[in-house]
Amino acid sequence: MRNGFFWIAAAVVGTAVLVLTRVFFTNEYFFFAAYVVLQYVVLSTAWNILGGYTGYTNFGTGAFFALGAYSSVVLHKMPTLLHGSFDLTIPQIPLPIMIVVGGIVSGTVGLGTGYLTLRLRGVFFAIATLALAIVVQTLIVNWDYVGGSRGIYIIRPALAPLGGGYIQYLYTLMMVLAVISVGIARTIERSRLGLGFAAIRDDELAAEAGGVPTLRLKLIATTLSGALMGMAGAPLPYYVTYLDPTSSFNLAYAVNSVAMPVIGGMTSWIGPVIGAILLGTIQQLATVTISSALNLLIVGLLLIGFVIIAPNGIVGLVQARRRARGARMQTQPQAARAA
Amino acid sequence: MAVSLDLLVNAIVAGILLGGFYAAVTVGVTISFGMLDIANIAQPAFILLGSYAAYIVNSYLGLDPILIGIVMLPVFYLLGMAVYRLYYYSFESRGEQAIQGLAFFFGLLFVGEVSLVLIFGVDYRFVEAPYIGPSLHLGLVDLPLRMLVPCVTSLLMIALLQLYLSRSFIGRAILAVSQDGVALQLMAASPMRIKQIAFGISTATCALAGTFLIIIQPVEPSIGRDYIGRIFAICVLGGMTSFPGMVTAAMLIGIVESITATFYGPSWAPAVAFGFLLLTLAVRPAGLLGR
């Protein structure tokens, strides 16, 4: 499938799902749950650009995600601040702009992380991202303007654009983000950039020797991955309406964004999507029917089970089956001839 | 800022005591990550398991927590051997990419934490022992026994381990496997068996480290996360494989954290340790005392 065609197809599917769900579902809770699933589609796709394509494990998803959320908080309070200190009156900043700003902030931090960890391979990179998450969380905890450790209440605007309630608006925005991030992932996969990423993943030294600009490619991967995570986090304050560091830097975001691509399959754009929809839905159902602690246990057990039994995820399983069938198709005629 | 001398001295002493405890928490990772090249980020989950084991036995039988930790050593040793066996057959023998092994331990960490939440809830748990509470006063310096006892026991444990590694046959084999597994194989020893024993030892240290943790502070399941970065920071700073380097790094981090907490407030302390780690990784990945 050509890239342009894929973008159009993804947009059509996204719009169709949007319109159908907004017409046929009247229950508000559906949109609350679907928003979380879509958010995980964005997060796991973003994680996979760095983790799956380039082979660098990022355990700091929570940091990039929460930075996006907190940049929205700053922008949300901006009009009041400007009015109070400089007597300037500006209108409330619309959410799509906040999403772009969140992406820029987290992308910049991603770029910085890339520079800081250039010499680190594998496990050390993973540990550095884990440490980064704690450093950023400490900074937020000590920053009173955005609520510090007490957290902050965000009041949603009374009117939602595009009709419907505010949650439907958030859901629509997240759907757009999901389509964009999946489109980006798929475009990368089929491009020279994707080949470069794969070369780094398979053997960084050989790639460097073969003329792949590994430094620049790694910086592109960390920046892009961070930016998408920040964009996924930007609407969070309006979704939860109460934001505090403990919940926004929750380890669950990191675990989920690792578990979903691993379970779905890390080598293809569809893997994180399958993983996010599957795990996200299971978690939403488990949270409602059983308990929220148990749904995290399910994620952990699924993650362990999959890395042991099916290290290449669901996509890997399907590919292996298809290959086995292809092999059988080839050997059967020969067997018939022999008989 | 006017820094009063006795405040500074007390902060440094408290940091050294804290560092002794950090060394106990890190020694397992120095063995598993430094020597065996297994990134066991589930270490804090095992440590918490040790804390809760101490809590259960202490609250029902009233035994001394450190004694419980020593009794638990063989149990944790076997647990560690079992985990390594699973890890070996799932990842090492297949030659899988490190990313899956890392995800495995990450999952283990998470499952451990959530299981503890489901069983014990998120309440803080603590143990009772005669040395929790009183402190020694030496001139300007206060030595809380609740910090001093874990620190001394921890240094004793590390000294014994160092002796074991450098003198005993198995200990030398562990050092050998950390340097060159293939060469060990050529000497007709199985690297897998040696690594299994070493990983068992590294997990066994968690039994004691866990009891130290619950002596020093009340424990709840999510507390382990704070230690992931700290443990690896100390391990990397100390140069990965050397015990003396690791103890020095643990003391250093302990002192820096304690001074930060005293003069700038406890909420800044974690950032300092992790900032240290990020800087070390960026500037000198071989560690302060690395080869």
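Residues numbered from 1 in each chain as written. Chains lettered and ligands numbered in written order. Predicted model: local features only at pLDDT ≥ 70, side-chain atom pairs only at ≥ 80, totals over all residues.

Participant: Before we move on, can you summarise the overall build of chain B with the specific residues and values?
Facilitator: A tally of helices and strands in chain B yields 11 helices and 2 strands. Secondary structure elements in chain B, listed N-terminal to C-terminal, are α-α-α-α-β-β-α-α-α-α-α-α-α. Taking 291 residues into account, the globule formula puts the C-alpha radius of gyration at 19 Å, and chain B, at 19 Å, falls close to it. (Helix = DSSP H or I, 4+ residues; strand = E, 2+ residues; numbered from the N terminus. Rg over C-alpha atoms; globule rule 2.2 N^0.38 Å.)

Participant: Go over the interface of chain A and chain B, please, and point to the residues and values.
Facilitator: If you look at the interface, chain A gives 37 residues, while chain B gives 34 residues. Elements represented by at least two residues in the side of chain A that touches chain B include exactly α5 (122-141), α12 (251-264) and α14 (292-309) of chain A. For the side of chain A that touches chain B, the per-class residue count stands at 29 nonpolar, 7 polar and 1 charged. (Contact = placed C-beta atoms within 7 Å. Nonpolar A, V, L, I, M, F, W, Y, C, P; charged D, E, K, R; others polar.)

Participant: A description of the pairing of strand β1 (residues 135-138) of chain B should follow, citing residues and the corresponding values.
Facilitator: All names here are of chain B. When β1 meets strand β2 (residues 141-144), the two strands line up antiparallel, connected through 4 bridges. Counted as the bridge partner of S135 is P144 from β2. Adjacent in sequence and paired antiparallel, β1 and β2 are bridged by 2 residues, among which G139 carries a positive phi angle near 60 degrees. (Pairing = 2+ DSSP bridges.)

Participant: Run through helix α6 (residues 169-179) of chain B, naming residues and quoting values.
Facilitator: Residues and elements named next belong to chain B. Buried within α6 are the following residues: A173, I174, V177 and S178. End-on, the buried residues of α6 take up no more than an arc of 140 degrees, which puts them together on one face. Looking at α6, the residues exposed on the side facing more than 90 degrees away from the buried face are F169 and Q179. Those residues of α6 hidden inside the fold are in contact with α1 (5-35), α5 (145-167), α7 (181-186) and α8 (191-216). (Buried ≥ 20, exposed ≤ 12 C-beta atoms within 10 Å, placed from the backbone. Arc of directions from axis to C-beta.)

Participant: Let's hear about the confidence of the model for chain A: which residues, and what values?
Facilitator: It should be kept in mind that the predicted coordinates are not to be read in detail where pLDDT is low. Per-chain confidence: chain A averages 87 in pLDDT, with 97% of residues scoring 70 or above. Per-element confidence in chain A ranges from a low mean pLDDT of 76 for helix α15 (residues 313-338) of chain A to a high of 94 for helix α9 (residues 214-233) of chain A. (pLDDT = per-residue confidence, 0-100.)

Participant: Let's hear about the nonpolar core: which residues, and what values?
Facilitator: Counting residues in hydrophobic clusters, the biggest one holds 195 residues, and the most contacted among them are A131 of chain A together with F106, A233, I234, F274 and L277 of chain B. Here this core takes 15 residues from α1 of chain B, the largest share from any one element. Those residues in contact with F106 of chain B that lie beyond four places of it in its chain are F59, V255 and V258 of chain A together with I41 of chain B. (Core = buried A, V, L, I, M, F, W, Y, C linked by C-beta atoms within 7 Å.)

Participant: Break down the packing of α5 of chain B against α8 of chain B for me, citing the residues and quoting the values.
Facilitator: Residue and element names in this part refer to chain B. Where α5 contacts α8, the two axes come as close as 9 Å, and the packing angle between them is 165 degrees. In terms of axis orientation, α5 runs roughly antiparallel to α8. Two packed elements cross with a definite hand, and for α5 against α8 that hand is left-handed. Contacts between α5 and α8 involve R146, M147, V149, P150, S154 and M157 from the first element and T205, L208, F212, I215 and I216 from the second. Its residues assigned to classes, the contact of α5 with α8 comprises 8 nonpolar, 2 polar and 1 charged. (Axes fitted to C-alpha atoms, helices over the stretch in contact; angles between N-to-C directions. Parallel < 35°, antiparallel > 145°, perpendicular 65-115°, else oblique. Left-handed = near helix turned anticlockwise from the far one by under 90°.)

Participant: Give a description of the environment of F86 of chain A that names residues and reports values.
Facilitator: Within the secondary structure, F86 of chain A sits in helix α3 (residues 61-86). Measuring from C-alpha to C-alpha, the distance between F86 of chain A and G226 of chain A comes to 33 Å, with 140 residues separating the pair along the chain.

Participant: I'd like a rundown of unusual backbone geometry, residues and numbers included.
Facilitator: Phi is positive for T241 of chain A, which is not a glycine, with a value near 60 degrees. Residue position: T241 of chain A is located in the loop between α10 (236-240) and β2 (242-243). Positive phi, normally seen in glycine, also occurs at D37 of chain B, with a value near 65 degrees. Checked against the element boundaries, D37 of chain B lands in the loop between α1 and α2 (43-61).

Participant: An account of the environment of L63 of chain B is needed here, citing residue identities and associated values.
Facilitator: Take L63 of chain B: it is sitting in the loop between α2 and α3 (65-92). With near-sequence residues (within four places) excluded, L63 of chain B lies in contact with V57, N58 and I68 of chain B.

Participant: So what's going on with α3 of chain A? Residues and values would help.
Facilitator: Residue and element names in this part refer to chain A. Here α3 contains 26 residues, and its C-alpha end-to-end distance of 36 Å stays within 8% of the 38 Å for a straight helix at 1.5 Å per residue. At M78, α3 shows its largest kink, close to 40 degrees, and the proline P79 lies no more than four residues downstream. In the segment just after α3, D87 is the residue with positive phi, at about 60 degrees. (Expected span 1.5 Å × (residues − 1). Bend = angle between axes of the 7 residues up to and from the residue.)

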